[in-house]
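# Architecture and fold: a report
Single-letter residue listing:
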Amino acid sequence: MLHVGLAILLGILVGLSLGALGGGGSILTVPALVYALGENPHEATAASLVIVGLTSAMGMIGHHRLDHVRWVSGVVFGVIGIVGAFAGTRLSRSVPSNLLLGLFALLMLVASVLMLLRSRPRPTAGAPAPASAGGASAGTARGRTPRGSTAGTGPAPTATMIVTASPVAPASSAALASSAALASPIAPARPAGRARSRRTVVLKTVVAATVVGLMTGFFGVGGGFVVIPALVLALGFDMPTAVGTSLLVIVINTVSSLGARASSGLHMSWPTVLVFTGSAMVAALAGTKVSATVPSARLAQAFAVLIILVAVYTAARSVPHLF
């Protein structure tokens, strides 16, 4: 009875995290299965894929209702990660259990740091511009006339105004256009720069997707703590959309990793897995609603602290056996 109660409690914790944050909870699944529920580490990584995959699918449904899932981008990201998922699954089979848990502890520490960095407040756009040396605002320096100003007290002439008001003989229209373009604060777009930017986005996406797939196959985690920053930085997603789309990516990666493991058999305690998964799936729907009411930064900070504590415990239990 205690075993079932623990499975339900841990499943709720994992489900809430996946639903509210789009990641983080899956990284607790393996330590929970090993230390709280007594599973073998290699079997725990396979069981984690089942739990995380089904729970992410349930959370994704809730986010889809809020229009927070970008299906095309998520499928592309997930498909790219399939190669990494198969490679990670093969590597996992040859790694001793204590080394696997030690590496997992390191992964948890990295994940917690990323979550803390992601939760830090960022400067908002649209902050008032500093005043110029002459006491005029930036808007005045660019030639915008303040309300209530008269012709005699208007702003200082801009570079373009100086060109047209010069006492020198009028230049040709082409010369004036060239001078105005040089004086414009907005530089013309460069096709070469746009092409380099696209290549950078593609490279970031491929690298991040491959790393996530590798971690999913090797550790049995979803990798949402890597997927979300990649979607925000490389594809420009806002946080709610990145969270919802990351769940789609996790589903694809876990399914591909389970397919790679199926050839050698999926050995796990199915009753424990089903109880854990059921409670996690219900909690994932609740986590979706929590994400709409509680600031995600607060949730991420609290969960990062929990992950650090679990990482320290996992390292203390596994690392000494390596020497």
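Coordinates for the structure precede this section.
The rules behind the values
- Residues numbered from 1 in each chain as written.
- Predicted model: local features only at pLDDT ≥ 70, side-chain atom pairs only at ≥ 80, totals over all residues.
- Heavy atoms only, no water.
- Helix = DSSP H or I, 4+ residues; strand = E, 2+ residues; numbered from the N terminus.
- Expected span 1.5 Å × (residues − 1).
- Buried < 20%, exposed > 50% of the residue type's maximum accessible area, 1.4 Å probe, protein only.
- Core = buried A, V, L, I, M, F, W, Y, C linked by side-chain atoms within 4.5 Å.
- Contact = heavy atoms within 4.5 Å.
- Polar contact = N/O pair within 3.5 Å; in protein donor to acceptor, adjacent residues only side chain to side chain.
- Phe/Tyr/Trp six-rings, centres within 6.5 Å; stacked < 30°, edge-to-face > 60°.
- Patch = residues over 30% accessible without salt bridge, like charges linked within 9 Å, V, L, I, M, F, W, Y side chains within 5 Å.
- Areas by Shrake-Rupley, 256 points an atom, 1.4 Å probe, with all protein chains shown as cover.
- Salt bridge = Lys/Arg side-chain N within 4 Å of Asp/Glu carboxyl O.
- Axes fitted to C-alpha atoms, helices over the stretch in contact; angles between N-to-C directions.
- Left-handed = near helix turned anticlockwise from the far one by under 90°.
- Nonpolar A, V, L, I, M, F, W, Y, C, P; charged D, E, K, R; others polar.

Let's shift gears to helix H6 (residues 97–118). Compared with an ideal rise of 1.5 Å per residue, which puts 22 residues at 32 Å, H6 spans 31 Å between its outermost C-alpha atoms and is within 8% of the ideal. Along H6, the positions that sit buried rather than exposed are Leu 100, Leu 101, Gly 102, Phe 104, Ala 105, Leu 107, Met 108, Ala 111, Ser 112, Met 115 and Arg 118.

Attention shifts here to the nonpolar core. Ile 27, Phe 77, Phe 219 and Phe 276 are the most contacted members of the largest nonpolar core, which totals 61 residues. For Phe 77, the residues in contact, after removing those within four places along its chain, are Thr 205, Ala 208, Ala 209, Val 212, Val 227, Ala 230, Leu 231 and Val 249.

With that settled, consider helix H3 (residues 41–65). Residue pairs three or four apart in sequence face the same way in an α-helix, which turns once every 3.6 residues. An ideal rise of 1.5 Å per residue puts 36 Å on 25 residues; H3 measures up with 36 Å between its terminal C-alpha atoms. At the N-terminal boundary of H3, the capping side chain belongs to Asn 40, with an oxygen 2.9 Å from the backbone nitrogen of His 42. Of the residues flanking the end of H3, it is Asp 67, one or two places downstream, whose phi is positive at about 60 degrees.

By the definition in use, this model includes 3 aromatic pairs. Taking the centre distance of 5.3 Å and the plane angle of 85 degrees together, the rings of Tyr 35 and Tyr 313 count as edge-to-face. Of this pair, Tyr 35 sits in helix H2 (residues 26–36) while Tyr 313 sits in helix H14 (residues 296–318), and the two are 278 residues apart along the sequence. Classification of Tyr 313 by relative accessible area gives partly exposed; the value is 42%. Relative to Phe 219, the ring of Phe 104 lies with its centre 5.4 Å away and its plane at 75 degrees, an arrangement referred to as edge-to-face. Linking Phe 104 in helix H6 with Phe 219 in helix H10 (residues 191–219), this pair joins segments that are 115 residues apart in sequence. Just as Phe 104 is buried, Phe 219 falls in that class too. By the ring-pair criterion, three or more aromatic residues cluster together here, those being Phe 104, Phe 218 and Phe 219.

Together, Leu 99, Leu 103, Leu 106, Val 110, Val 113, Leu 114, Leu 117, Leu 322 and Phe 323 give the surface a local cluster of nonpolar side chains, amounting to about 810 Å² of exposed area. Locating Val 113 in the fold gives a position in helix H6. With relative accessibility at 45%, the residue Val 113 sits in the partly exposed group.

Turning next to the side chain of Asn 253. On the secondary structure map, Asn 253 appears in helix H12 (residues 239–262). For Asn 253, a relative accessible area of 0% corresponds to the buried category. Residues within four places of Asn 253 in sequence aside, it is in contact with Gly 78, Gly 81, Ile 82, Ala 85, Val 212, Gly 213 and Thr 216.

At a minimum axis distance of 8 Å, the contact between helix H4 (residues 71–80) and H12 shows a crossing angle of 35 degrees. Where H4 crosses over H12, the two elements pack in a sense that is right-handed. On H12, the residues that touch Trp 71, Gly 74, Val 75, Phe 77, Gly 78 and Val 79 of H4 are Thr 245, Leu 248, Val 249, Ile 252 and Asn 253. Here the contact of H4 with H12 is composed, by residue class, of 7 nonpolar, 4 polar and no charged.

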